[in-house]
Amino acid sequence: MLNVLKNRFEQGCKTSQYPKESVQLLPRYRGCPTIKTDATDDVVAACAAACPQEAINASAKTIDMGRCVFCGTCERISKGRFVTFTQDFAIAVAEKEHLQTQGQIPDLAAHARQHFKKLFGRSLQLRQVSAAGCNACEADLNVLATPFFDLARFGINFVASPRHADGIVVTGPISRNMKTALLQTYEATPQPRAVVAVGSCTITGGPFRGSPEVSEGLDSLLPVDLFIPGCPPHPMTNLHALLNFFK
Ligand code: SF4
Ligand code: SF4
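For every chain, the first residue of its written sequence is number 1, and the numbers climb from 1 along that sequence. Labels follow written order: the first chain is A, the first ligand is 1, and so on. Totals for whole chains, interfaces and linings use every residue, but because this is a predicted model, local features are given only for residues with pLDDT of at least 70 and side-chain atom pairs only at 80 or more, for both listing and counting. Values reported for side chains reflect all heavy atoms of the structure, with hydrogen atoms and water molecules removed beforehand.

Asker: Please clarify how the site of ligand 1 should be interpreted in this entry.
Answerer: Residue proximity to a molecule or strand is established when one non-hydrogen atom of the residue lies within 4 Å of it. In the vicinity of ligand 1, 13 residues are found, and the nearest of them are Cys51, Cys68, Cys71, Gly72 and Cys74. Along the lines of polarity and charge, the residues of the shell around ligand 1 split into ten nonpolar, three polar and no charged. Under the scheme applied, nonpolar residues are Ala, Val, Leu, Ile, Met, Phe, Trp, Tyr, Cys and Pro; charged residues are Asp, Glu, Lys and Arg; polar residues are all the others, including Gly.

Asker: Before we go on, may I ask you to explain the pairing of strand S8 (residues 167-171) in this structure?
Answerer: A regular strand carries its side chains on alternate faces of the sheet. Of all five residues in S8, five are buried; the element is thus mostly enclosed. Accessibility here uses a 1.4 Å probe with only protein chains present; expressed as a share of the type maximum, an area under 20% marks a residue as buried, one over 50% as exposed, and anything in between as partly exposed. Helix and strand labels come from DSSP, where a helix needs a run of H or I of at least four residues and a strand needs a run of E of at least two; each type is numbered from the N terminus. Alternating positions in S8 separate into two faces, Gly167, Val169 and Thr171 on one and Ile168 and Val170 on the other, with burial throughout. Any two strands with at least two DSSP bridges between them are considered paired. Direction of pairing for strand S6 (residues 124-130) relative to S8: parallel, over a ladder of five bridges. Paired with Val129 across the two strands is Val170, which belongs to S8. Two strands pair when backbone bridges link them, and S8 and strand S9 (residues 194-198) are joined in this way by five bridges, in the parallel orientation. Each residue of the ladder has a partner; that of Ile168, found in S9, is Val195.

Asker: Can you help me understand the packing of aromatic side chains in this one?
Answerer: How two aromatic rings sit relative to each other is given by the distance of their centres and the angle of their planes. For Phe, Tyr and Trp, rings pair up if their centres lie within 6.5 Å, where Trp contributes its six-membered ring, and each pair is then called stacked (planes under 30 degrees apart), edge-to-face (over 60) or tilted (otherwise). Here the structure, examined in full by the defined rule, presents seven aromatic pairs. Of the aromatic side chains, those joined through ring pairs into one cluster are Phe116, Phe120, Phe245 and Phe246. Arg193 extends its terminal NZ or CZ atom over the ring of Tyr186, reaching a point 4.0 Å from the ring centre. Over a ring means this: the NZ of a Lys or the CZ of an Arg is within 6 Å of the ring centre and within 35 degrees of the ring normal.

Asker: What is the right way to look at the pattern of salt bridges in this model?
Answerer: Side chains bearing opposite charge may pair, as long as their charged atoms lie close to each other. For salt bridges, the criterion is a side-chain nitrogen of Lys or Arg within 4 Å of an Asp or Glu carboxyl oxygen. Taken as a whole, this structure holds seven salt bridges when the rule is applied. For the salt bridge of Arg176 with Glu213, the shortest nitrogen-to-oxygen distance reads 3.0 Å. Note that Arg176 is positioned in helix H7 (residues 176-188) and Glu213 in the loop between helix H8 (200-204) and strand S10 (226-228), a separation of 37 residues in sequence. Overall, Glu213 belongs to the partly exposed group, its relative accessible area being 41%. What emerges from the salt-bridge pattern is a single network uniting Glu95, Arg113 and Asp225.

What follows is the structure, encoded as structure tokens:
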């Protein structure tokens, strides 16, 4: 017992002080993209042609973060003359059209549903539905329960039953086989219920977009309140989104 106490004392508190203190991610992390609007047409066209997700709109000079998998190809090809990725992890949005960006992401808290803040601001229970995800989105949600993030200190928990939940958090491209289970989980969640789409797959089909086996995006099946882009979204992106949208 003394050894346990000694160990605890030596280790100290491992929990992040976020959001009271900022968190600095590793330099290799790719967060919010920034577009240089004065990029030449040939550079923009080369990036658009190379993008595996068809996420670049060359005429509007925007990136669709709902499709983007943050592979960095456009940054590498343009050598930073068209796209650069910042370390800003605050990229979740409440309106899908806000995912089309040149780098300015609207303030999420300002677009949050006020009745959700009132109802769930102090206690939010969520049911996670993996609708054929590759497990990376799921793992980066799971990690929010670890001591560093300690999601429960904000009154947010993942629960085992949709009947105990205030909303659902969906990951994966929603395969044909998972569609019924997803819709039944949504129906089993008491109203008013929030719907959160996590990851490129759930928002647009991601790398599987266009396959007849997956959906075209969660918003084609259910009313989505919160879109969290990424492949997978960083745990800090998930945490920032949940805190700013519900708290
Ligand atoms: S980082 Fe996104 S926009 Fe750029 S090439 Fe990769 S998928 Fe396309
Ligand atoms: S968005 Fe990316 S990480 Fe998430 S389930 Fe799809 S392929 Fe996996």
